[in-house]
Amino acid sequence: MENLVNPDFWEGRRVFLTGHTGFKGSWLALWLVEMGAEVTGFALPAEDVSLFNQAGIANLVTHIEGDIRDLDAVDAAMAACDPQVVFHLAAQPIVRTSYDDPVGTYATNVQGTVHVLDACRRAASLDAIVCVTSDKCYENREWIWPYRESDPMGGHDPYSSSKGAAEIAIASYRRSFFEGEGAPLLASVRAGNVIGGGDWAVDRLIPDIVRAMVAGERVQIRSPHAVRPWQHVLEALGGYLLIAQRLAKGERDYADGWNFGPADSDTQPVGWIVEKMINEWGEGGFDLDDGPKPHEANLLRLDCSKARAKLGWQPALGLAETIRWIVAWHRSVADGGDARAITSEQLTQYRARMERALQGA
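Just so we're clear, the structure is a prediction, and the values are computed from it rather than from any experiment. (Residues numbered from 1 in each chain as written. Predicted model: local features only at pLDDT ≥ 70, side-chain atom pairs only at ≥ 80, totals over all residues. Heavy atoms only, no water.)

1. Points about the overall build of the protein
In terms of helices and strands, the protein carries 13 helices and 12 strands. Relative to the globule expectation of 21 Å for 361 residues, the C-alpha radius of gyration of the protein, 19 Å, shows essentially globular dimensions. Its C-alpha atoms put the protein at 55 × 40 × 40 Å along the principal axes. A total of 361 residues make up the protein; the buried ones form 57% of that total. Of all intrachain contacts in the protein linking residues separated by at least 6 positions in sequence, the fraction that spans at least 24 positions is 81%. A total accessible area of about 14500 Å² is found for the protein, and carbon and sulfur atoms account for 48% of it. Across the protein, the 34 positively charged side chains and the 49 negatively charged ones have centroids separated by 4 Å. (Helix = DSSP H or I, 4+ residues; strand = E, 2+ residues; numbered from the N terminus. Rg over C-alpha atoms; globule rule 2.2 N^0.38 Å. Buried < 20%, exposed > 50% of the residue type's maximum accessible area, 1.4 Å probe, protein only. Contact = heavy atoms within 4.5 Å. Areas by Shrake-Rupley, 256 points an atom, 1.4 Å probe, with all protein chains shown as cover. Lys, Arg positive; Asp, Glu negative; His and termini not counted. Charge placed at Lys NZ, Arg CZ, Asp CG, Glu CD.)

The structure is reproduced here in structure tokens:
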């Protein structure tokens, strides 16, 4: 059971979740609620078209709207929750947005993370803190080898460097405030490019493809040869939950940085993803966007051997099946289906897959 997300562990556990109105946060909120956790979410208001609104997540959690750049607001919300576990997901998540608003990106991704961690210092019941950064936190040298947790932090663009800086702040807070007797344990987690049903973010590949297909338009893509570690959102979230379980039990070896990425065969170029999505949808096409392109990394791979060896975590879904799940989710919702029901159904299917994957390991 220690290698599985354990519903019994989460039953009745108080969880403070930042960024619960976002794509990943909404999936995680629903998963936690279905396991019986008492979830308090703190985030900016959701976009009108969002998984949060489509699945009615506000009705399932204690929903607090606020900005992690406001320390007093974070403090007050966390004190009201009195959490046992904190998941910090709130962020400015888009690379190209970071070129338009670098100051806001650093304020949210770096100082916002510091605010959450500082509020955690005053949370009396807290056992575990899991901070989500990004696979882009590493100093990307565009080499063919996957990045390990011990590789240097960095980042060319403001978004990537803000995530590298957040990792440095997290490590400092861990050593300065969260290593003493009785202190909560702190880990950072770095996932690949997470994809799944219900992602409507602007300027992100899968949502752009879905919007074009639903509208009957051709997909516009920028960098068909850029390679990314694609994975279903539940693969990453399952890893986060496993880390939190270990931290909450006081297992100090897990208070560290962790990569969660796909199998090597699922690290594919953008063009491959677009073609698979169109084929699965059954119609459509794509064109190259010849507009200006600020720098984005062309090659990025993650080494997840640490999570496999020490945590017992491994991917349960292949990329081709992940794409089928995404298309099934969006077709269902486009046809008037219940977004919470299809999300919950895929959660159930994934939990069964994860258990079978571990039994076959």
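2. Focus: the sheet that holds strand 5 (residues 128–132)
Working definition: the strands of a sheet are paired by backbone hydrogen bonds and lie parallel or antiparallel to each other. If you walk across this open sheet you meet the seven strands as 3-2-1-4-5-6-10, and the pairing is parallel. Pairing within the sheet leaves two strands with one partner each, and these edge strands are strand 3 (62–65) and strand 10 (257–260). Going across the sheet, the axis of each strand differs from the next one's by a mean of 20°, ignoring polarity. Pairing of strand 6 (residues 185–191) with strand 10 involves four bridges; the strand directions are parallel. Within strand 10, the position partnered with Ser188 by the bridge is Gly257. Each of strand 5, strand 6 and strand 10 touches helix 7 (residues 158–177); the most contacted strand, strand 6, lies at about 160° to it. (Pairing = 2+ DSSP bridges. Axes fitted to C-alpha atoms, helices over the stretch in contact; angles between N-to-C directions.)

3. So, unusual backbone geometry
For residues besides glycine, phi is generally negative; the peptide bonds are generally trans as well. Look at Asp82: it is not a glycine, yet its phi comes out positive at around 50°. Backbone geometry places Asp203, a non-glycine residue, at a positive phi of 65°.

4. A short note on the sheet that holds strand 7 (residues 193–195)
Strand order in the open sheet made by the three strands is 7-9-11, with mixed pairing throughout. A strand with exactly one partner marks an edge of an open sheet, and here the two such strands are strand 7 and strand 11 (267–269). When the angles between neighbouring strand axes are averaged without regard to direction, this sheet yields 50°. Pairing geometry for strand 9 (residues 227–232) and strand 11, over three bridges, is antiparallel. Counted as the bridge partner of Val227 is Pro269 from strand 11.

5. Points about the environment of Ala119
The residue Ala119 is located in helix 6 (residues 102–120) in this model. A sequence separation of 41 residues divides Ala119 from Met78, and the C-alpha atoms of the two residues are 7.0 Å apart. What Ala119 contacts, discounting residues up to four positions off in sequence, is Val74, Asp75 and Met78.

6. Thoughts on the nonpolar core
In this structure, Trp10, Trp31, Leu32, Phe87, Tyr240, Ile243 and Met277 are the most contacted members of the largest nonpolar core, which totals 89 residues. Of all the elements, helix 9 (residues 233–248) adds the most residues to this core, at 11 residues. Beyond its immediate stretch of four places on either side in the chain, Leu32 contacts Trp10, Val15, Ala37, Val39, Phe87 and Leu241. Core analysis: the next-biggest nonpolar cluster, separate from the first, contains 23 residues, Val86, Val116, Cys120 and Ala169 among them. (Core = buried A, V, L, I, M, F, W, Y, C linked by side-chain atoms within 4.5 Å.)

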